[in-house]
Structures are given as C-alpha cells and as structure tokens.
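Coordinate analysis (summary)
Below are the chains, spelled out letter by letter.
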Amino acid sequence: MAANDIDVFANEEKRNLELGGHVGFDSLPDQLVSKSVAQGFSFNILCVGETGIGKSTLMNTLFNTTFENEEGSHYENEVHLRPQTYDLQESNVKLKLTIVQTVGFGDQINKEESYKPILEYIDAQFERYLEEELKIKRSLLNCHDTRIHICLYFIAPTGHSLKSLDLVTMKKLDSKVNIIPVIAKADTVSKSELDKLKIKIMSELVSNGVQIYQFPTEDEAVAEINSSMNTHLPFAVVGSVEDVKVGNKMVKARLYPWGSVQVENENHCDFVKLREMLLRVNMEDLREQTHAQHYELYRRCKLEEMGFKDTDPDSQSFSLQETYEAKRKEFLVELQRKEEEMRQMFVNKVKETEAELKEKEKELHDRFEQLKRMHQDEKKNLEEKRRELEEEMNAFNRRKVAAETLMGQALQGCSQPFKKDKDKKKLTCQTVTQAGARLFTYHRSHRCSRHVQHR
C-alpha cells in the first residue's frame, strides 16, 4: 500500500454501523468492575501535621475502626515517616489501605528542612514503581502500589492563618502529591472565626502559589457537588471514636461540660464533607491523578536524566541501544574521572601525612638532643660535686689525724711522774694547759673556715 493511500485511509471518517441484534460487548464495563473487585484496590494516605494535632484520631474516625498507632513524642531529633498497611473490606470490596504518619514534624527548633524526609519518601515510592515498570519480567498488577494518593495537611486551629512551615512544606509537596488542607480540632474555634480563618488560609495559599487538589468538575454526575465542595476548602474537621448518647441515639461525638460536638453533624464540622469527597466520590480520581500527573512528571524527569527522549516526526529515529551505549560511555568517563580525582586526593593525603611525620620526627630529634645535653650537664655537675666531696673528706681525715696526734702528745706529757720540785710541777701544768689551748684554737679556726666556705 502506497503512502498516499495510507494518508487517504487515515483521513476517512469512522463509519457508524447499526447492529442487527444483541452482541454482548455492552457488558465490558461490568467485566472491568468484576475484575477490579476481584483484584482489590489500594489507597495510600499521607498525614502531615504536628504531633498531637489529631491525625490518628481522624483516621480512626474516617474509616470507623481503630488502627494500631503508637503515641507520638515531642522529643524527636528529626522527622521520620512511619507507614502502616491494613487490609479492609466493605461489602465485597477489598481495600489495601496504607496510612503514613510524619513522626516529629514541627517539633524541632530548626524546622528549615522538616519537609525533606517527606519528599524523599514520596520520591522513593515513585522510584519503586518505576523500577518495577522497567523490569524485563514485571508484574504491575501484583505489585503493591505504595505511591501516595492523597496528602491530608493538618493546620493548627490557632486563628492566625498559616505558619511559614505550612507554606514551605505545601509548596514543596504540591508537585508531588494531591494536597487537601484540613483545619484540625475545629471545635476549638468559634464559627465566625472559623469562616475568617478559611478565607485567610485560601488567600495565603493562592498568593504563595500553592496548588492544592481541586475536586474535578468535568464529570456531569459529580460536577455540581464537587464544585460546591471546592468552596468549602479547607475542611474544618473534628475526630472522635467515642460513642455519646444524644437524644435517643448513639453518635460519634466529643463531650464537653457545656455540651457535645457531633462528628457527623454538618452544622458542627466538615467531617462528613471530607469523607464524602475523599472516599465515596473522588477516591478513583485521586488514584488517577497520582498516576497520570504526579507519577508521570517524576517518570519523565528520571528518563530525561537517563538520556532518553521522545522522537518528533521531523527528527531522526530514536535508538534505545545507541542511547544506552552513549550513557554507558558517559558513565565510564565520569567514573574514570572520579577515580583519578580520588587517586590524586589519596596521593596528596599521603604527601601531607609524610610531611607531618617528618615534622614530628624532627621535633622528636630536637627534643632528644636537648635532653641529651641536659643529661650531660647534670652528669658534669654531679662529677664536680663528687670531687668536692672527696676533697672535703680527705681534708677532714688529715685534720682528724693531726688532732689525734696532738692529743696523743698531750696525754703522753701528762702521764710522766710529777717532779717533786714545785717549779717543775708548775712547768708541767703549764705545758698541758698550753697544749690544750693550742688544740682548742686549732679546732675553732678550722670550724670557722668550713663555715665560711659553706656560706
């Protein structure tokens, strides 16, 4: 078939044929419903809000059950996400529900990067689905889809509009997930203040360019109710799992000394509106928006980073093999460059370490020489002191011998027999006296000289 014939055939209008009887393909929607019901559905909710704002209570109230939740602490060093998956069934419809709590959000002194763990978690779920999609043997139907379908952002009912943390976090998340802002614990705000707070919140969201989820109005079946509900955003909600008797019936409510706040009373809060919009009317649209908008944006950016691109009619044909080879060569070149940088960094580090070791070695050598000189000086001083002590000992011994000699001579002179002559007795006594005097004078002079030398 020629190219001109193909163009003519493509430009022909489609023909409408009337069936002569019943064929049966009008049951295709019923087949899709039966297949979907048999496979079951998954729905993932991300609850972002400060600790103690009522996230877990609202989830319990929303699904009319009690989920297992640990009580949050205000002393978390950083924000971390805690996902919990539950298998629910209503009538014959099975739902795999995943609730992700942001533990420690808003509790740190420095809240500048509180949104980063949330972004990383959302991207990680997109990456997990993309990896399953790119597998050779893939099974997307059996794969548990953990992509976040809706983010309920809980706003504190302070009456002063949004905090800077709220604006920054929602601005970072609006391109990643569908966001529905809710005013938590709305029973703490009066009705007039609540209306003003809603207007102020929406005004700040618009002025800061934050894109929140808008209920779709394209489908005529839900266009009217969705259009009406868009004007009620953000929803002011109250959660409670306590059954309180009001009149003749038991209802979910919060009991106060002055009365009760009924959760399902639309005059008291917007809980019913949130449940209707989130679960009964727009759950499938939230799942579709997550896949067709947020996931497709992530997928396109990742494939562009990997070097893939779409082909235009006027451009050359696209070869997956060539793109893979080009990216592989680029990766090897980059790997070689980084390897060379690391090698050079290692060499520089070794040189720096060697220089430091040489400097330390020089310091130790100088210290050793200094200690060696000090040791020699001390040894020399000790030798001098030893010589001085030896000289003093020798001098003392000489003086001792001389003193003993003089004493011996004196005693020898006294031992001779006394002369009868009176003059000779006198002479002998004088001799002894003079010898003792000389010995005393000698010792005294020697002590004085040693004392002076010591000083």
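Here we summarise the structure given alongside this text. Values in this document were obtained by computation on a predicted structure and should not be read as measured data.

In this section: the overall build of the protein. For the protein, the count of helices and strands is eleven helices and nine strands. Scored against the burial criterion, the 455 residues of the protein give a buried share of 29%. Residue pairs at least 24 apart in sequence account for 66% of intrachain contacts in the protein once pairs closer than 6 positions are excluded. Surface accessibility of the protein: about 32600 Å² in total, with carbon and sulfur atoms responsible for 52%.

A few words on the environment of Gly 259. Within the secondary structure layout, Gly 259 lies in strand E9 (residues 259-262). Residue Gly 259 is classed as partly exposed on the basis of its relative accessible area of 22%. For the pair Gly 259 and Val 246, spaced 13 residues apart in sequence, the C-alpha separation works out to 9.9 Å.

The amide bond that connects Leu 233 to the next residue, Pro 234, takes the cis arrangement and shows omega of -5°. Take Pro 234: it is sitting in the loop between helix H7 (220-230) and strand E6 (235-236).

What follows covers helix H4 (residues 116-133). A rise of 1.5 Å per residue sets the reference length of H4, with its 18 residues, at 26 Å; its end C-alpha atoms lie 26 Å apart and thus fit the reference within 8%. Within H4 the residues assigned to the buried category are Ile 118, Leu 119, Tyr 121, Ile 122, Gln 125, Phe 126, Tyr 129, Leu 130, Glu 132 and Glu 133. On its buried face, H4 is in contact with strand E1 (41-48), strand E2 (80-90), strand E3 (93-103), helix H5 (164-173) and helix H9 (283-305).

Right, let's get into the sheet that holds strand E8 (residues 249-256). With respect to topology, three strands assemble into an open sheet ordered E7-E8-E9, the strand pairing being antiparallel. Of all the strands in the sheet, just strand E7 (243-246) and E9 have a single pairing partner and so form its edges. With strand direction ignored, the average angle separating the axes of adjacent strands in the sheet is 70°. Pairing geometry for E8 and E9, over four bridges, is antiparallel. Residue pairing across strands places Ala 253 opposite Gln 262, the latter belonging to E9.

To continue, consider the sheet that holds strand E4 (residues 150-155). Strand order in the open sheet formed by six strands is E2-E3-E1-E4-E5-E6, with mixed pairing between adjacent strands. One side of each edge strand has no neighbouring strand; the edge strands of this open sheet are E2 and E6. As paired strands, E1 and E4 are joined by four bridges and run parallel to one another. Within E4, the residue paired with Leu 46 across the bridge is Cys 151.

A few words on a negative patch on the surface. A contiguous patch of negative charge, built from Glu 384, Glu 388, Glu 391 and Glu 392, is present on the exposed surface. If you trace the backbone, Glu 384 turns up in helix H10 (residues 320-415).

Before going further, it helps to spend a moment on the packing of helix H3 (residues 55-62) against helix H8 (residues 271-281). Two elements in contact, H3 and H8, have axes separated by 11 Å at closest approach and are oriented at 70°. What the angle tells us is that H3 and H8 run roughly perpendicular. The two elements H3 and H8 cross, and the hand of that crossing is right-handed. Seen from H3, the contacting residues are Leu 58, Thr 61 and Leu 62; seen from H8, they are Phe 271, Leu 274, Arg 275, Leu 278 and Leu 279.

Our next topic: a nonpolar patch on the surface. A cluster of nonpolar residues, Leu 19, Val 23 and Phe 25, forms a patch on the protein surface that exposes about 350 Å² of accessible area. By secondary structure assignment, the location of Leu 19 is in the loop between helix H1 (3-11) and helix H2 (28-39).

This part covers the nonpolar core. Within soluble globular proteins, side chains that are nonpolar tend to cluster in buried spots. If you look at the biggest cluster of nonpolar residues, it comprises 73 residues, and the most contacted ones within it are Phe 43, Ile 45, Leu 46, Met 59, Leu 152, Ile 180 and Phe 235. Sorting elements by how many residues they give to this core places H4 first, with seven residues.

Attention shifts here to the pairing of E8. Sheet topology places E7 next to E8; four bridges connect them, and they run antiparallel. Bridge pairing in E8 places Lys 245 opposite Met 250. Turn length for the E7-E8 hairpin, with the two strands adjacent in sequence and antiparallel, is two residues, and the turn residue Gly 247 shows positive phi of about 70°.

What counts and what doesn't
Residues numbered from 1 in each chain as written. Predicted model: local features only at pLDDT ≥ 70, side-chain atom pairs only at ≥ 80, totals over all residues. Heavy atoms only, no water. Helix = DSSP H or I, 4+ residues; strand = E, 2+ residues; numbered from the N terminus. Buried < 20%, exposed > 50% of the residue type's maximum accessible area, 1.4 Å probe, protein only. Contact = heavy atoms within 4.5 Å. Areas by Shrake-Rupley, 256 points an atom, 1.4 Å probe, with all protein chains shown as cover. Expected span 1.5 Å × (residues − 1). Pairing = 2+ DSSP bridges. Axes fitted to C-alpha atoms, helices over the stretch in contact; angles between N-to-C directions. Patch = residues over 30% accessible without salt bridge, like charges linked within 9 Å, V, L, I, M, F, W, Y side chains within 5 Å. Salt bridge = Lys/Arg side-chain N within 4 Å of Asp/Glu carboxyl O. Lys, Arg positive; Asp, Glu negative; His and termini not counted. Charge placed at Lys NZ, Arg CZ, Asp CG, Glu CD. Parallel < 35°, antiparallel > 145°, perpendicular 65-115°, else oblique. Left-handed = near helix turned anticlockwise from the far one by under 90°. Core = buried A, V, L, I, M, F, W, Y, C linked by side-chain atoms within 4.5 Å.

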